[in-house]
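# Chains, contacts and geometry: an overview
Chain by chain, the residues run as shown.
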Amino acid sequence: MATTTTTKNKRKPARGARLTDEQNAESGFTASKTLSDNLQRVLVDLIELASQGKQAHWNVIGTNFRDTHLQLDEVIEAAREFSDTIAERMRALHALPDGRSDTVSETTTLPEFPQGEISTTDVIDLVTVRLEDAVSTCREVHDAVDEEDPTSADILHAVIEKLEQFAWMMSAENRTPRASS
């Protein structure tokens, strides 16, 4: 009987974001390594959020399926748009974003998403945690980003605002009001 083993691909280890070579850099403001690395941290979490959102979207089942399914589409779309905005901002600052799957899986702060069908209530809790984790990364890098590049910090403000709104809306699905006294 033949056995098969699954091995990780033979790719080189992820290097993450880098700066453009001097000869290829356009003129203008150039991100420091710290700024590039901080934006890269946000980028991989946003890419992972979109990917995990799709995993949830495809496998959610149960009460309020349709509403949860559609709400996940909104989260996914926003995460994709924000990741593109962050990556393009990095390029404008002569940094090289790295959104390859190996880099994302090796460097994201988001926990792995479970495989298989998942109830709507569990999906809501799982996605809320991931939204909050992505916000946490934005908040962790914010002050350093703002100190070097307030324009990039403004982008982080928009990301934080929208992801916190989604976290509130998602978590509200599973909450119950307190009994009045």
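Above this note sits the structure.
The sections below set out a description of the structure shown in this document. Here the structure is a predicted model, which means the values were calculated and not measured.

Following the sequence through the fold, Trp-58 ends up in helix α1 (residues 33-59). Given the relative accessible area of 58%, Trp-58 is considered exposed. Between the alpha carbons of Trp-58 and Ile-118 there is a distance of 9.6 Å; along the sequence they are 60 residues apart.

This next bit is on empty space enclosed by the protein. Summed over all chains, the structure comprises 1 cavity of 30 Å³ or more. Put simply, the largest cavity is a space of about 40 Å³. Along its surface, the largest cavity is lined by Leu-49, Gln-52, Gly-53, Leu-72, Val-75, Val-127 and Arg-130. Per element, the largest residue contribution to the lining of the largest cavity is 3 residues, and it comes from α1. Class assignment for the residues of the lining of the largest cavity results in 4 nonpolar, 2 polar and 1 charged.

Conventions we followed
Each chain has its residues counted from 1, running along the sequence as written. This being a predicted model, a pLDDT of at least 70 is required before a residue's local features are given, and a value of 80 or more before pairs of side-chain atoms are given or counted; all residues contribute to the totals for chains, interfaces and linings. Heavy atoms throughout the structure, all of them, feed into the side-chain values; hydrogens and water do not. Secondary structure counts use DSSP, requiring at least four H or I residues in a row for a helix and at least two E residues in a row for a strand, with both numbered from the N terminus. Think of it in three bands: residues with accessible area under 20% of the maximum for their type are buried, residues over 50% are exposed, and the middle band is partly exposed, with areas taken using a 1.4 Å probe on protein chains only. As defined here, a cavity is a set of points on a 1 Å grid over the protein atoms alone where a 1.4 Å probe fits but cannot get out. A pocket is an open set with protein on both sides within 12 Å along at least five of seven lines, and residues line them when an atom is within 4 Å of a point. Grid points are joined across faces, edges and corners, and a volume is the space filled by probe spheres set on the points. For this scheme, ten residues count as nonpolar: Ala, Val, Leu, Ile, Met, Phe, Trp, Tyr, Cys and Pro. Four count as charged, namely Asp, Glu, Lys and Arg, and the remainder, Gly too, count as polar.

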